[in-house]
Amino acid sequence: MKNKILAVLSFISIIGGGQQLFAEPKDRGSQVLITAGEFVMGDTYCADEQSNSDWCSDEVPHKVRLDAYRIDIHEVTNSDYQECFSAGECGPNALHEDRPQEFNRPGQPVVFVTWEDANSYCQWKGGRLPFEAEWERAAQGENPGGAYFGKKYKQGAPQKVGERAPNSNGLYDMMGNVNEWVWDWYGEPETEGVSANPKGPASGKDKVVRGGSWNSPSHYLRASDRVFRSPELRYSDVGFRCVTPSSEKG
Ligand SMILES: [Ca+2]
Ligand SMILES: [Ca+2]
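Residues numbered from 1 in each chain as written. Chains lettered and ligands numbered in written order. Predicted model: local features only at pLDDT ≥ 70, side-chain atom pairs only at ≥ 80, totals over all residues.

**Student:** It is not clear to me how the sheet that holds strand 5 (residues 69–72) should be interpreted in this structure. Could you clarify?
**Tutor:** Within a sheet, neighbouring strands are paired by backbone hydrogen bonds and run either parallel or antiparallel to one another. Strand order across the open sheet formed by three strands is 2-5-12, with antiparallel pairing between neighbours. Every other strand in the sheet has two partners, leaving strand 2 (31–34) and strand 12 (243–245) as the edge strands with one partner each. Neighbour to neighbour, the strand axes of the sheet diverge by 25° on average, direction disregarded. Set on the sheet, helix 6 (residues 132–140) makes contact with strand 2, strand 5 and strand 12; between it and strand 5 the angle comes to about 70°. (Pairing = 2+ DSSP bridges. Helix = DSSP H or I, 4+ residues; strand = E, 2+ residues; numbered from the N terminus. Axes fitted to C-alpha atoms, helices over the stretch in contact; angles between N-to-C directions. Contact = placed C-beta atoms within 7 Å.)

Put into structure tokens, the structure is as follows:
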């Protein structure tokens with residue numbers, strides 16, 4: 001794993017200030033409201049189908065209650081991120097040196113962003129990264145199993161955001177395209193009772209990414225799958241989207 005990360009890092013270069021690389025984005029800042037309510041986070045898939053294997057044994061179903069929030073319809077794109085850089089609020093976008101057409105186009109999701117880069121962007125937009133529970137509730141929609149589960153998905157590189165059908169909440173690419181940083185440190189969830197607005201452990205080593213990516217077999221493209229990654233590293237298959245807390249009842 002470590003070698004793979006180093007290999008990825010060696011393929012990228014940092015682009016400095018002053019270069020205007022991208023055209024104007026579409027659908028900038030669009031979010032949908034997810035109303036307050038209770039839902040079941042996690043899935044029985046691991047127990048039912050995988051004999052509680054390590055890679056999925058952290059998905060034990062449990063009840064969670066959430067306040068309302070708005071979540072980005074799309075993954076944050078290269079052009080979105082470039083605006084934050086131009087505004088002086090985000091670090092430079094780390095671009096792919098060898099495969100620019102596959103990673104650096106304006107409408108593609110930004111990748112090679114650290115957790116802190118993602119967090120800075122969301123703060124600049126007046127929001128924050130989604131809590132893990134918020135991400136999962138939004139991803140579930142009416143399809144808790146995941147839109148591409150059991151189907152061929154791996155596609156070799158990120159696609160422009162919004163190329164595939166949205167889920168029932170009107171959200172694009174929750175499953176696949178790029179994994180998405182969420183707020184929470186990785187840890188074991190509370191499975192007794194009902195957790196209200198859980199924010200994950202107070203500290204940790206790894207952060208959680210969600211949803212699977214262009215680089216994932218389809219069994220990772222499930223609303224409940226949890227993967228941990230180092231927050232300091234930049235990955236070719238990890239981007240993000242943002243949320244804004246809402247007082248709306250919906
Ligand atoms: Ca995604
Ligand atoms: Ca997992």
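Once you've had a look at it, read on.
**Student:** Please clarify how helix 5 (residues 115–124) should be interpreted in this entry.
**Tutor:** Within an α-helix, residues lying three or four positions from one another point in the same direction, as the helix has 3.6 residues per turn. For helix 5, every residue scored as buried is listed here: Trp115, Asp117, Ala118, Tyr121 and Cys122. For helix 5, the buried positions fall inside an angular range of 165° around the axis, keeping them on one side. Considering only its buried residues, helix 5 is in contact with helix 3 (78–86), strand 7 (179–185) and strand 9 (207–210). Looking one or two residues past helix 5, glycine 126 carries a phi angle of roughly 85°, positive in sign. (Buried ≥ 20, exposed ≤ 12 C-beta atoms within 10 Å, placed from the backbone. Arc of directions from axis to C-beta.)

**Student:** Just to check I follow, could you spell out the nonpolar core for this structure?
**Tutor:** Considering soluble globular proteins, one finds that nonpolar side chains tend to be buried as a cluster. Judged by nonpolar contacts, the single largest core of 47 residues is most densely connected at Val111, Ala118, Tyr121, Leu129, Ala138, Trp181 and Val182. Contributions of two or more residues to this core are made by strand 4 (62–66), strand 5, helix 3, helix 5, helix 6, strand 7 and strand 9. (Core = buried A, V, L, I, M, F, W, Y, C linked by C-beta atoms within 7 Å.)

**Student:** Can you help me understand unusual backbone geometry in this one?
**Tutor:** Leave glycine aside and you will find that most residues have negative phi; peptide bonds, for their part, are mostly trans. At asparagine 177, a position not held by glycine, the phi torsion is positive, near 65°. Here asparagine 177 is to be found in the loop between helix 6 and strand 7. Under the C-beta neighbour-count criterion, asparagine 177 is labelled buried, with 30 such atoms within 10 Å. Non-glycine residue asparagine 197 carries a positive phi angle of around 45°. Along the chain, asparagine 197 falls in the loop between strand 8 (194–196) and strand 9.

In short, shape yes, function no, at least from these values alone.
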